[in-house]
Amino acid sequence: MSEFKKLVFSGVQPTGNLHLGNYLGAIRRFVALQEGNDCIYCVVDMHALTAQLVHEDMPSQTRSIAAAFIAAGIDPEKHIVFNQSAVPQHAELAWIFNCVARIGWMNRMTQFKDKAGKDREQASLGLYAYPSLMAADILVYRATHVPVGEDQKQHLELARDIAMKFNLDYAEHIRKSGYGIDITVGDEPVHAYFPMVEPLIGGPAPRVMSLRDGTKKMSKSDPSDLSRINLMDDEEAISKKIRKAKTDPDGLPSEIDGLQGRPEADNLVAIYAALADKSKADVLAEFGGQQFSVFKPALVDLAIQVLAPITGEMRRLMDDTSHIDAILRKGGERARARAEVTMNQLRDVIGFLY
């Protein structure tokens, strides 16, 4: 093998209800990336323990994420859909990466600081070491590309640091094993076992903001259900939430510059643009000068048109979970087979007897 085969990997945590931001920022991109790529999509249930140790509804949450994948258009036959805990090699590689990563690297992770809050001494070790497991999720398949939002970009950079340090520390072992590939990182030639994974960042609305506060990201954990559109919301709920969405007294501008300093207006225009596969400029060309009393009903109609088929299919799949369970079981088997190839080679490189 003269170069790493392109492989796309990403995962979604089964914590809380999936919402419009998850769909536009992640799942819809997963669907698009199927064309021309080998893709692995994971329900990262082990990561969910970092947010809350005890989950009464973990099976249902896991199935719900998988149902959203399938309902949105991910093909589990051509690609792989599975839940993380079904592949123990993720945890095995995460331990190795815990020994590769440096404490100083972890201390720079802003997401840990945000989630741990002021009393970091009470945060779990799992939350602190979360990025090592994320790196293992990706690199146990030697994935080359990951679609991520801006909030995960720092973790992906850490995954690259971990991969690079492993490649350099074990350079001679990798060469002797015959499993490495010659790559160039910057100007430096490296005989690498792990690729330098690249982020895939983009889309018209990579950050969908709260319907109640345009300065905050739409979140599963927001106490107000009116702040988000859940993928399982019915048409009445979608209509109510958009009509109640916070705005300002001014009408929509005709130019993008007119959205500056108006986060709620900017958010609603961005959501419309993403749902319609248009630019914000196109949306303003159509609705510029109109009041929100005109724009919001149009956004309601569009949101229902796009989301209703997905919601209906999710409900059908969740009514009889045997199909989802079969997809996850088969996906887990396929993912384990790939991951074990990596771990067998790594055991040789590191020197583990097995």
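Residues numbered from 1 in each chain as written. Predicted model: local features only at pLDDT ≥ 70, side-chain atom pairs only at ≥ 80, totals over all residues. Heavy atoms only, no water.

Within an unreviewed UniProt entry, the label attached to the protein chain reads Tryptophan--tRNA ligase, and the organism entered is Rhizobium binae. What UniProt records for the protein chain under Subcellular location (unreviewed entry) is the sentence "Cytoplasm". A UniProt comment under Sequence similarities (unreviewed entry) is attached to the protein chain, and it reads "Belongs to the class-I aminoacyl-tRNA synthetase family." (UniProt positions renumbered as here; feature names shortened; annotations may be inferred.)

**Q** Before we move on, could you go through the overall build of the protein chain and cite the residues and values that matter?
**A** Each helix and strand in the protein chain was counted, giving 14 helices and seven strands. Scaling as 2.2 N^0.38, a compact globule of 354 residues should have a C-alpha radius of gyration of about 20 Å, and the protein chain matches this with 22 Å. Seen through its principal axes, the protein chain has C-alpha atoms that stretch 70 × 50 × 45 Å. Each of the 354 residues in the protein chain was classed as buried or not, and the buried ones make up 51%. Look at the contacts in the protein chain between residues 6 or more apart in sequence, and 76% of them connect residues 24 or more apart. Total accessible area computed for the protein chain in this model is approximately 16,500 Å², and 50% of it derives from carbon and sulfur atoms. (Helix = DSSP H or I, 4+ residues; strand = E, 2+ residues; numbered from the N terminus. Rg over C-alpha atoms; globule rule 2.2 N^0.38 Å. Buried < 20%, exposed > 50% of the residue type's maximum accessible area, 1.4 Å probe, protein only. Contact = heavy atoms within 4.5 Å. Areas by Shrake-Rupley, 256 points an atom, 1.4 Å probe, with all protein chains shown as cover.)

**Q** Can you explain the nonpolar core? Please cite residues and give values.
**A** Grouped together as the largest cluster of nonpolar side chains are 59 residues, with contacts concentrated most on Tyr-23, Phe-69, Leu-275 and Phe-295. Among the elements that make up this core, the one with the highest residue count is helix α13 (residues 292-319) (twelve residues). Once residues lying within four places of it in the same chain are set aside, the contact partners of Phe-295 are Leu-252, Leu-268, Val-269, Tyr-272, Val-283 and Phe-287. If you look at the next biggest cluster of nonpolar residues, it comprises 56 residues, including Phe-9, Ala-94, Leu-133 and Ile-174. (Core = buried A, V, L, I, M, F, W, Y, C linked by side-chain atoms within 4.5 Å.)

**Q** Help me get a handle on the pattern of salt bridges, residues and values and all.
**A** Evaluated as defined, the whole model comprises 16 salt bridges. One salt bridge connects Glu-340 with Arg-347, and the closest N-O pair in it is separated by 2.8 Å. In this structure, a network of salt bridges that share partners links the residues Asp-225, Arg-228, Asp-233 and Lys-241. (Salt bridge = Lys/Arg side-chain N within 4 Å of Asp/Glu carboxyl O.)

**Q** Talk me through a nonpolar patch on the surface; I want residue IDs and the actual numbers.
**A** A surface patch of nonpolar side chains, about 300 Å² in accessible area, is lined by Leu-49, Leu-53 and Val-54. Along the chain, Leu-53 falls in the loop between α2 (45-51) and α3 (58-72). We classify Leu-53 as exposed; its relative accessible area is 66%. (Patch = residues over 30% accessible without salt bridge, like charges linked within 9 Å, V, L, I, M, F, W, Y side chains within 5 Å.)

**Q** I'd like to hear about the layout of surface pockets, residue by residue, with values.
**A** Its volume calculated, the largest pocket comes out at about 1,400 Å³. Along the wall of the largest pocket there are 43 residues; nearest its centre are Asn-22, Lys-115, Asp-151, Gln-152 and Lys-217. Elements supplying a minimum of two residues to the lining of the largest pocket: β1 (7-12), α1 (20-33), α2, α6 (110-116), α7 (125-139) and β4 (145-147). Element by element, the count of residues in the lining of the largest pocket is highest for α1, at six residues. Looking at the lining of the largest pocket residue by residue, the classes come out as 15 nonpolar, 17 polar and eleven charged. (1 Å grid on protein atoms, 1.4 Å probe; cavity = no way out; pocket = protein on both sides within 12 Å on 5 of 7 lines; lining within 4 Å. Points joined across faces, edges and corners; volume = space filled by probe spheres on them. Nonpolar A, V, L, I, M, F, W, Y, C, P; charged D, E, K, R; others polar.)

**Q** Mind laying out helix α10 (residues 235-243), listing which residues take part and the relevant values?
**A** The α-helix advances 3.6 residues per turn, and as a result positions three or four apart in sequence lie on the same side. Among the residues of α10, Ile-238, Ser-239, Lys-241 and Ile-242 are the ones counted as buried. In the core, the buried residues of α10 are packed alongside α13.

**Q** Account for the pairing of β1, naming residues and giving values.
**A** Where burial is concerned, most of β1 is hidden: five out of the six residues are buried. As paired strands, β1 and strand β2 (residues 38-43) are joined by six bridges and run parallel to one another. Along β2, the bridge assignment pairs Val-12 with Val-43. Crossover β1 to β2 through α1 is right-handed. (Pairing = 2+ DSSP bridges. Right-handed = clockwise from strand over helix to strand, strands pointing away.)

**Q** Requested: an account of the packing of helix α4 (residues 89-100) against helix α8 (residues 153-169), with residues and values cited.
**A** Running from amino to carboxyl end, α4 crosses α8 at an angle of 80°, the nearest separation of the two axes being 10 Å. Considered as vectors, α4 and α8 are oriented roughly perpendicular to each other. Contacts from Ile-96, Phe-97 and Val-100 of α4 reach α8 at Ile-162, Lys-165 and Phe-166. A per-class count over the contact of α4 with α8 returns five nonpolar, no polar and one charged. (Axes fitted to C-alpha atoms, helices over the stretch in contact; angles between N-to-C directions. Parallel < 35°, antiparallel > 145°, perpendicular 65-115°, else oblique.)

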